[in-house]
Amino acid sequence: MWAAVKADTFSIVSFQIGLFAGMWVYQEALFAPGLAKTTAAYWLLMQLAMIIGCFTAWPVNSRLVRAGRKERM
C-alpha cells in the first residue's frame with residue numbers, strides 16, 4: 001500500500017506542477033485579471049494546461065516504471 005501511495009503521489013504532484021504552472025501563466029501573465037470560468041477560452045486553456053501537466057509527469061512516470069515502482073499501462 002505504501003509503495004502505491006509513493007508512486008502515485010510523485011506522479012500526481014508532477015502532473016499538478018505542470019497543470020498549475022500552465023494555468024498560472026494564462027490566468028496571471030497573459031490575461032491579467034484572469035478569465036471567467038464560464039468562458040470557452042478558460043476551458044480551452046485548461047485543456048492546454050493539462051497537456052503541459054502530462055509532459056511534466058512523463059519523466060517521473062518513466063523513472064518510476066524503470067525503477068519498478070509502477071507498472072506499465
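Note: the structure precedes this text.
These numbers were taken from a predicted model, which means no experiment stands behind them.

S.K.: What exactly am I supposed to notice about the side chain of Gln27 here?
M.R.: Along the chain, the position of Gln27 falls in helix 1 (residues 2–30). Given the relative accessible area of 15%, Gln27 is considered buried. Among residues more than four places away in sequence, those in contact with Gln27 are Ala32, Pro33, Gly34, Leu35 and Tyr42.

S.K.: I keep staring at the nonpolar core and nothing clicks. Help me out?
M.R.: The nonpolar side chains of a soluble globular protein tend to be buried with one another. Grouped together as the largest cluster of nonpolar side chains are 10 residues: Phe15, Leu19, Met23, Tyr26, Leu35, Tyr42, Leu45, Met46, Ala49 and Ala57. For this core, the secondary-structure elements that each account for two or more residues are helix 1 and helix 2 (40–66). At five residues, helix 2 tops the list of elements feeding residues into this core. Other than its neighbours up to four places away in sequence, Ala57 contacts Ser11, Ser14 and Phe15.

S.K.: Would you mind showing me how to read the environment of Asp8 here?
M.R.: On the secondary structure map, Asp8 appears in helix 1. A sequence separation of 63 residues divides Asp8 from Glu71, and the C-alpha atoms of the two residues are 11 Å apart.

S.K.: Can you help me understand the packing of aromatic side chains in this one?
M.R.: For any two aromatic rings, the description comes down to two numbers: the centre-to-centre distance and the angle of the planes. Across all of its chains, the model carries three aromatic pairs by this definition. Ring centres of Tyr26 and Tyr42 lie 6.2 Å apart, and the angle between their planes is 75°; on these two criteria the pair is classed as edge-to-face. Placement of Tyr26 in helix 1 and of Tyr42 in helix 2 is noted, with a sequence separation of 16 residues between them. Taking the relative accessible area as the measure of exposure, Tyr26 reaches 2% and is therefore buried. Taking the relative accessible area as the measure of exposure, Tyr42 reaches 5% and is therefore buried. Taking 5.1 Å as the distance between ring centres and 85° as the angle between the ring planes, the aromatic pair formed by Tyr42 and Trp43 counts as edge-to-face. Through a chain of ring-to-ring contacts, the aromatic side chains of Tyr26, Tyr42 and Trp43 assemble into a single cluster.

Rules used in this analysis
Residues numbered from 1 in each chain as written. Predicted model: local features only at pLDDT ≥ 70, side-chain atom pairs only at ≥ 80, totals over all residues. Heavy atoms only, no water. Helix = DSSP H or I, 4+ residues; strand = E, 2+ residues; numbered from the N terminus. Buried < 20%, exposed > 50% of the residue type's maximum accessible area, 1.4 Å probe, protein only. Contact = heavy atoms within 4.5 Å. Core = buried A, V, L, I, M, F, W, Y, C linked by side-chain atoms within 4.5 Å. Phe/Tyr/Trp six-rings, centres within 6.5 Å; stacked < 30°, edge-to-face > 60°.

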